[in-house]
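Observations on chain architecture
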Amino acid sequence: MTHSARTIVSRVAGLFRRGRLDADLKQEIASHLDEACDEYLRQGLSPEQARAAALKSFGGIVQIEEDYRDRATLRPVEDLWRDLTYGLRNLRRSAGFSCVVLAVLAIGIGGIATVFTLLNRIVLQPLPFPSSDRIVSVTHAAPGLGVAEVGLSSGVYFHYLKQARSLEALGVYTTTASTFRRADASAERIDLTSASAGVFRVLGVTPEIGRLFTDEDGAPGFMNMTWAVPVLLSHDFWVDRFGGDPTVIGRSIVIGNQERRVIGVMPEGFAFPDRRTDIWMLLEPPPATANFARVFSWNAIARIRPGLTLAAAEGDLRTVLPRIVGSYPDATPERFAHARLNPKVIGLKSVVIADIDRVLWTLFAAMAMLLIIVWTNASTLFAVRADQRHAEIAMRLALGARRLQIIRMFIVEATVLTAASAASGLLIANGLIATTVAMVPDLLPRAGELRIGGAEIRFVACLALGSGIFFGVMPHYRDFRRPASSLLGSGHRVLETRRYWLGIDPMIALQVMLAMTLMTGSALMLQTYRNLSNSRLGFAPDHLVTLQIELPGSKAKQHVRLYNDIVDRVAQQPDVDSASVASFIPLTRSEHTFPIQSGAAPIPFKFFTPGYFQTMHIPVVDGQSLARGERITSEFPVVISHALARRLYPGEHAIGQPIRRLNQDGSVVTLGPRGPVPAFVIAGIVDDVREVSLRESPAEIVYVPLIDPPVEQSIVPTSMVLVVRTRVEPSLLVPRLRNDVRQVDPTLSVGQVRSMESIVTHARSREAFVGLLLTLAAVASIFLGIIGIYGSVSEVIRRRTREIGIRLTLGARPTEVVQMAATDQCRTLAVGAVVGLFVALASARLLRSLLFGVDPGEPVIFGTVLLVVCGAGLLTALLGAARAARIDPAAALKTP
Amino acid sequence: MSPLDKREQLYGSFGLMVLKTLEALGPLHGYKIARRIEQISGNQLTLNQGTLYPALLRLEQAKWISSSWKQSESGRRVKVYELTRSGRKRLATEEKAWRRTADLVDRFFKIQEDLP
């Protein structure tokens, strides 16, 4: 350590023992003077003379002490500390002012900190994988198959693996649900991702313990029955089910009734494709059985070579893909040409965040507006306070303080307040985010990465510091350009703290304008939410409870019997109205979609046990609905939605018509040597149901019954949902329903239990989230706007009390006085509202993608908002101004 | 030379005298140091004795001297300063540098005298 460094260290240390240093010096000087005195006495001087001589040779004690103190500690830090304690004392003395500013700023900063955290963690931060900008998702547009987007087929996967030079690594995966056998032999539903070894190479992750899949792992092949497929556990699953036991590596576990071998545990926070996955199982299909176009169901991610752009990689795949013709038996030139596959390479991050970035930027803009309102409002408060401190400033200047020192003092004082608001704002943000994630876990992507970290704290600290400087300097800016004497003279007279421009207070106009904009946004979102709540579902969601059921693969042959047994058993419960099992329920992800016409978009298929439409209260439009116990009159009966019937057989009688499931390439499904699968027969038509989302137009869907003889033999739905309509509060029955499922077969597992009503609410959660935040901002803005207007009117009255007194004495009517006091504010209000109308109209477009059933320029909404803002503003201005009429002329004339 | 050193050049040579005094006479308290410096300078250097204390503080902050409270011969509580190891080293290098500078300047004066 150099001596200058040592010096700084001891100076910093000096800050903490200033008192000791001071006392030591005093003692040292006293001893010094006494010693000197002694020597002079020895030289024969009188005591008085000796004392005087000692003092003279010592020099100015005060200067020495000053000099010593300057050197003992760090002066700027000490000054700052003094300003800080002074500021704190001052703020405590005006506790009312401090609390109001603190609360207002905390709301403003909390709002923007919340949205900034979401924006930063979800949209701005790279995905938590090394060089994540090179990780892409690979899909294909397939207009020939009638689909906007398909994944990879096994053939395309191997083809890319061999030929695509632009890709450093390529991996495929699919997600499903399965069952895990617990220690007590009961089954538990898990989320399973089947992933090739390449997926982990693409992501560039390392396991917490154990190892990842290797290419050799796939070598034994899935046909080898003695081989246990390797699996990886998620960190949470490992901790919850195995207590974080490291000896789990190499152990056998049973998933879907089959032995699997644990080879590794993924690190905490690893979430691919999302947080839900509990277990990753090796997906490494044998190249021998690969085909070009049977199914394009694999999702693919790839890592592109360094230095290549996404477009270059996409171009490479486009060049490479046609060479697949001839590599597989079904890769004929005709098939290839028919599918019209077109590779799409998209950054993985944009796939993960989907369209949430637009939503978050919109919210960020809204919160910035709220912050501006908060700033203008708080700056008015600071300005009023600055007025009361003119005498203090004048006194300090007179005593020789430099203007810079005084400004520094005000900045420190304001920053104390803004820093406290920032801290509260961070707490608000933390609470809001935690609540949101806890209440609607699927609302935001990358929810596991949401936390308030360095970037968020820096952002908020900058806001706090910026506002501190602003509030410290702005109210005093004009004071420092006046001579000190004018300040002193105005000690207890209220000066004009606002600037008017053509009789308009621009600060208030700005607040009105922004409040208008926020109110409009919130009104549009609330209307959207209402429209979604009122959208016709097509079924009755009340008193419905749903239980996810997983069937182990070994029970596949008995699935029809098992599901019907469950329904029979549950239906006997005293409080159960009716029950049925379906492969998915409305407003959740559909499990199976198939083309029914060559070259057209695939249609979702829903498997159901008889009685489903009765349980859901879906009205039957025509034909049979396959209710429980109904006699089935046709072979291979299916039920279709009204919308599908209208499209396939417009104006015709659809009942009895055939409908056929096709392969994804449009070919007829065949079942081994038995030839083509027979076509379904439309037995009934039911009313349209919002199957996919609350927004979409009524879904086209084919309902396939699970009956004997089987209607569809090539697919066994192993993941099903038990839907029960109860006569009592649904949650009361859940334990009994679980028990019923276990009684039918203990290897069945029951997963998520949700009421249908909560599923419907969940489907509106994004709109609710945006609507709620915008409404909070709007309410805060209108509230602050009212305070602003009231403050502005009160100030006019304070400033013109004498004048008003004189006018009243000379016979002015009270209404005239009120009018006089409120004129400027009303003019300001009008200007702010008109400008706000245009700003609101422009910003409403930002919300367009979120809106439903309401036009962003909806005149009724704009009219209402205008009415509310102007009404509230006018009322406030007049109520404030009414005080002018109550002024006592005699008292007013006596005020200075 | 760092700005800190530059600003304190004045104290620099004064500090050097303090260090040298402590080296020659061992631990001393403030008054003794001041008197000693005045004596050695043949009373040519009459300083404000008080200026010694900021200088001592600076030397102590640089850890070239250390201090402790002791009894003086007259029984007073005084702060006694003592040269540290790094102070000794510093003094040696400073002394060398001082001599080099002095020699150099000396030589220039000699040239002046040699000129016809």
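The residue numbering used here restarts from 1 in each chain and proceeds along that chain's sequence as written. Labels follow written order: the first chain is A, the first ligand is 1, and so on. The predicted nature of this model means local features are confined to residues of pLDDT at least 70 and side-chain atom pairs, given and counted, to a pLDDT of 80 or more, with totals for whole chains, interfaces and linings taken over all residues. To obtain the side-chain values, all non-hydrogen atoms of the structure were used and water was disregarded.

Things to note about the overall build of chain B
Selection rule: Each helix is a run of H or I in the DSSP string that is no shorter than four residues. Each strand is a run of E no shorter than two, and both are numbered from the N terminus. Relative accessibility decides the category of a residue: with a 1.4 Å probe and only protein chains considered, values under 20% of the type maximum give buried, values over 50% give exposed, and everything between is partly exposed. The contact rule is simple, with two residues in contact once any of their heavy atoms fall within 4.5 Å.
Scanning chain B for helices and strands turns up five helices and three strands. Starting at the N terminus, the α and β elements of chain B follow one another as α-α-β-α-α-β-β-α. By residue count, 39% of the 116 residues in chain B fall in the buried class. In chain B, 44% of the contacts between residues at least 6 apart in sequence involve partners at least 24 apart.

What about the overall build of chain A?
To keep it simple, the criterion reads: To get the radius of gyration, use the C-alpha atoms; to get the globule rule, take the number of residues to the power 0.38 and multiply by 2.2 Å. Per-residue and other accessible areas were derived by the Shrake-Rupley procedure at a 1.4 Å probe size, with only the shown protein chains allowed to occlude residues.
Of regular secondary structure, chain A possesses 28 helices and 22 strands. Since a compact globule built from 896 residues should have a radius of gyration of about 29 Å, the 38 Å found for chain A marks it as more spread out than a globular shape. Across chain A, contacts joining residues at least 24 apart in sequence account for 81% of those joining residues at least 6 apart. Working note: accessible area of chain A is about 40,200 Å², and carbon and sulfur atoms make up 60% of it.

Things to note about empty space enclosed by the protein
What counts here: A pocket here means an open set of points on a 1 Å grid, computed over the protein atoms alone, that has protein on both sides within 12 Å along at least five of seven lines. A cavity is instead a set of points where a 1.4 Å probe fits but cannot get out; residues with an atom within 4 Å of a point line either one. Grid points are joined across faces, edges and corners, and a volume is the space filled by probe spheres set on the points.
By the definition in use, this model includes ten cavities of 30 Å³ or more. For the lining of the largest cavity, the secondary structure elements donating two or more residues are helix H13 (356-387), helix H18 (506-534) and helix H26 (814-844) of chain A.

Describing the pairing of strand S1 (residues 135-142) of chain A
All names here are of chain A. This is how the line gets drawn: Strand pairing is assigned whenever DSSP detects at least two bridges linking the two strands.
Burial of S1 is extensive: eight of the eight residues sit out of reach of the surface. Burial of the side chains of S1 extends over both faces: Ile135, Ser137, Thr139 and Ala141 are buried on one face and Val136, Val138, His140 and Ala142 on the other. Taken together, the two bridges between S1 and strand S2 (residues 147-150) define a ladder with antiparallel strand orientation. Counted as the bridge partner of Ala142 is Val147 from S2. Between the antiparallel neighbours S1 and S2 lie four residues, among them Gly146 with a positive phi of about 75°.

So, the confidence of the model for chain B
All names here are of chain B. In plain terms, the rule: Across the chain, each position has a pLDDT score giving the predictor's confidence in that residue, from 0 to 100.
Looking at chain B as a whole, its pLDDT mean stands at 80, while 83% of the residues score no less than 70. Helix H1 (residues 3-7) is the least confidently modelled element of chain B, averaging 41 in pLDDT, while strand S3 (residues 77-83) averages 90, the highest of any element. Segment residues 1-11: pLDDT under 50, and twelve contacts once partners within four positions in sequence are set aside and those in other chains are kept. Interface scoring of the predicted complex returns ipTM 0.82; its pTM is 0.78.

Thoughts on the sheet that holds strand S2 (residues 65-71) of chain B
For clarity, the threshold we go by: An axis is simply a line fitted to the C-alpha atoms; with a helix, the fit covers only the stretch in contact. Between two such axes, the angle follows the N-to-C directions and lies from 0 to 180 degrees.
The strand order across the open sheet formed by three strands is S1-S3-S2 (chain B), and the pairing between neighbours is antiparallel. What marks the edges here is a single partner per strand, and that holds for strand S1 (28-29) and S2 of chain B. Running at roughly 100° to S3 of chain B, helix H2 (residues 18-42) of chain A makes contact with S1, S2 and S3 of chain B of the sheet.

A short note on the environment of Gly871 of chain A
Residue and element names in this part refer to chain A. Tracing the backbone shows Gly871 in helix H27 (residues 859-885). The class of Gly871 is partly exposed, set by a relative accessible area of 36%. Sequence separation between Gly871 and Leu829 is 42 residues; the distance between their C-alpha atoms is 10.0 Å.

What about the packing of aromatic side chains?
Threshold: Note on ring pairs: Phe, Tyr and Trp rings are taken, using the six-membered ring of Trp, and paired if centres are within 6.5 Å. Classes follow the plane angle, with under 30 degrees stacked, over 60 edge-to-face and the rest tilted. In this scheme, Lys NZ or Arg CZ marks a charge over a ring once it lies within 6 Å of the ring centre and within 35 degrees of the ring normal.
The full count for this structure, using the stated rule, is 26 aromatic pairs over all chains. Among the aromatic residues, ring-to-ring pairing joins Phe129, Phe200, Phe213, Phe270 and Trp280 of chain A into one connected group. Taking the ring centre of Phe594 of chain A as reference, the NZ or CZ of Arg661 of chain A above it sits at 4.3 Å. A cation over an aromatic ring shows up here: Arg77 of chain B above the ring of Trp69 of chain B, its NZ or CZ 4.4 Å from the ring centre.

Some details on the interface of chain A and chain B
Threshold: A quick way to say it: buried area is the sum, across both parts, of accessible area lost when two parts are put together, with a 1.4 Å probe. Salt bridges are defined as contacts in which a side-chain nitrogen from Lys or Arg sits within 4 Å of a carboxyl oxygen from Asp or Glu.
Listed per partner, the contact involves 26 residues of chain A and 32 residues of chain B. Taken together, both faces of the contact between chain A and chain B bury some 2,700 Å²; the carbon and sulfur share is 51%. When the buried surface of chain A facing chain B is broken down by residue, Glu28, Glu35 and Arg71 of chain A rank first, second and third, together holding 24% of it. Salt-bridge contacts for Lys79 of chain B lead to Asp24 of chain A; the nearest nitrogen and oxygen are separated by 4.0 Å.

As for the nonpolar core
Residues and elements named next belong to chain A. The line we're drawing: Buried Ala, Val, Leu, Ile, Met, Phe, Trp, Tyr and Cys residues that are joined via side-chain atoms within 4.5 Å together make up what is termed a nonpolar core.
Within the largest apolar cluster, 93 residues are counted, with the highest numbers of intra-cluster contacts made by Leu118, Ile122, Leu363, Leu518, Val770 and Ile804. Apart from residues lying up to four places away in sequence, Ile804 is in contact with Ile797, Val817, Met820, Ala884 and Ile887. Ile549, Ile566, Ile707 and Leu722 belong to the second largest nonpolar core, which has 44 residues in total.

Re the pattern of salt bridges
Residue and element names in this part refer to chain A. For the structure on display, the rule yields 51 salt bridges over all chains. The partner of Arg241 in a salt bridge is Asp240, with the nearest N and O atoms 3.6 Å apart. On the basis of relative accessibility, which here comes to 57%, the residue Asp240 falls in the exposed class. Across the pair Arg807 and Glu803 runs a salt bridge whose closest N-O atoms are separated by 3.0 Å. Of the two residues, Arg807 and Glu803 are both situated in helix H25 (residues 801-809); the distance of four residues between them amounts to about one turn of the helix. Through salt bridges that share partners, Asp22, Lys26, Glu65, Glu66 and Arg69 make up one connected network.

Description of the environment of Pro322 of chain A
Residues and elements named next belong to chain A. Within the fold, Pro322 resides in the loop between helix H10 (310-320) and helix H11 (333-339). Overall, the relative accessible area of 39% leaves Pro322 in the partly exposed class. With 63 residues separating them in the primary sequence, Pro322 and Glu259 have C-alpha atoms 40 Å apart.

Here we look at unusual backbone geometry
Residue and element names in this part refer to chain A. Put simply, Phe272 and Pro273 share a cis peptide bond, and its omega is -5°. For Pro273, the position within the fold is in the loop between strand S8 (258-265) and strand S9 (279-282). Note that the residue after Asp708, namely Pro709, is joined by a cis bond; omega there is -5°. Despite not being glycine, Leu587 shows a phi value in the positive range, around 70°. Among the structural elements, Leu587 can be located in the loop between strand S13 (576-582) and strand S14 (592-594). A positive phi is found at His617, a non-glycine position, where the angle reads about 60°. The residue His617 is located in the loop between helix H20 (612-616) and strand S16 (620-623) in this model. Note on His617: relative accessible area 41%, which makes it partly exposed.

A look at the packing of helix H14 (residues 390-398) of chain A against helix H15 (residues 403-439) of chain A
Residues and elements named next belong to chain A. For clarity, the cut-off: The cut-offs work like this: below 35 degrees is roughly parallel, past 145 is roughly antiparallel, 65 to 115 is roughly perpendicular, and the gaps in between are oblique. Each crossing is labelled by how the near helix is turned from the far one, with a counterclockwise turn of less than a right angle marking it left-handed and a clockwise turn marking it right-handed. Gly is placed with the polar residues, together with every amino acid not listed as nonpolar (Ala, Val, Leu, Ile, Met, Phe, Trp, Tyr, Cys and Pro) or charged (Asp, Glu, Lys and Arg).
For the pair H14 and H15, interaxial distance at closest approach is 10 Å and the crossing angle is 140°. Judged by the inter-axis angle, H14 sits oblique to H15. Seen from above, H14 lies across H15 with right-handed handedness. Across the interface between the two elements, Glu392, Ile393, Arg396 and Leu397 from H14 touch Arg403, Ile406, Met409 and Phe410 from H15. Along the lines of polarity and charge, the residues of the contact of H14 with H15 split into five nonpolar, no polar and three charged.

Some remarks on the pairing of S8 of chain A
Residues and elements named next belong to chain A. As paired elements, strand S5 (residues 209-210) and S8 share two bridges and run antiparallel to each other. Within S8, the position partnered with Ile209 by the bridge is Val265. Of the pairings in the sheet, the one linking strand S6 (residues 229-233) to S8 comprises five bridges and is parallel in character. In the strand pairing of S8, Val229 is matched with Arg260. Between strand S7 (residues 252-255) and S8, which follow one another and run antiparallel, lie two residues, and Gly256 among them has a positive phi close to 55°.

Points about helix H9 (residues 235-242) of chain A
All names here are of chain A. Our working rule: To be clear, the arc concerns the directions from the helix axis to the C-beta atoms.
Among the residues of H9, those classed as buried are His235, Phe237, Trp238 and Phe242. Looking straight down H9, one finds its buried side chains confined to an arc of 165°; they lie on one side. Opposite the packed face of H9, turned more than 90 degrees from it, sit the exposed residues Asp236 and Asp240. Directly after H9, the chain includes Gly243, whose backbone phi takes a positive value near 60°.

Considering a nonpolar patch on the surface
Residue and element names in this part refer to chain B. Note the cut-off: Here the term patch refers to residues with relative accessible area over 30% and no salt bridge, with like charges joined within 9 Å and nonpolar side chains (Val, Leu, Ile, Met, Phe, Trp, Tyr) within 5 Å.
On the surface, Leu104, Val105, Phe108, Phe109 and Ile111 cluster together into a nonpolar patch covering about 510 Å² of accessible area. Following the sequence through the fold, Leu104 ends up in helix H5 (residues 85-114). We classify Leu104 as partly exposed; its relative accessible area is 47%.

Some words on the packing of helix H5 (residues 75-93) of chain A against H15 of chain A
All names here are of chain A. Packing of H5 against H15 leaves a shortest axis separation of 8 Å and a crossing angle of 60°. In this view, H5 runs oblique relative to H15, as classed from their interaxial angle. As H5 runs across H15, the sense of the crossing is right-handed. Contact residues: Asp79, Leu80, Arg82, Asp83, Leu84, Tyr86, Gly87, Leu88, Asn90 and Leu91 in H5; Arg408, Met409, Val412, Glu413, Val416 and Leu417 in H15. Looking at the contact of H5 with H15 residue by residue, the classes come out as nine nonpolar, two polar and five charged.

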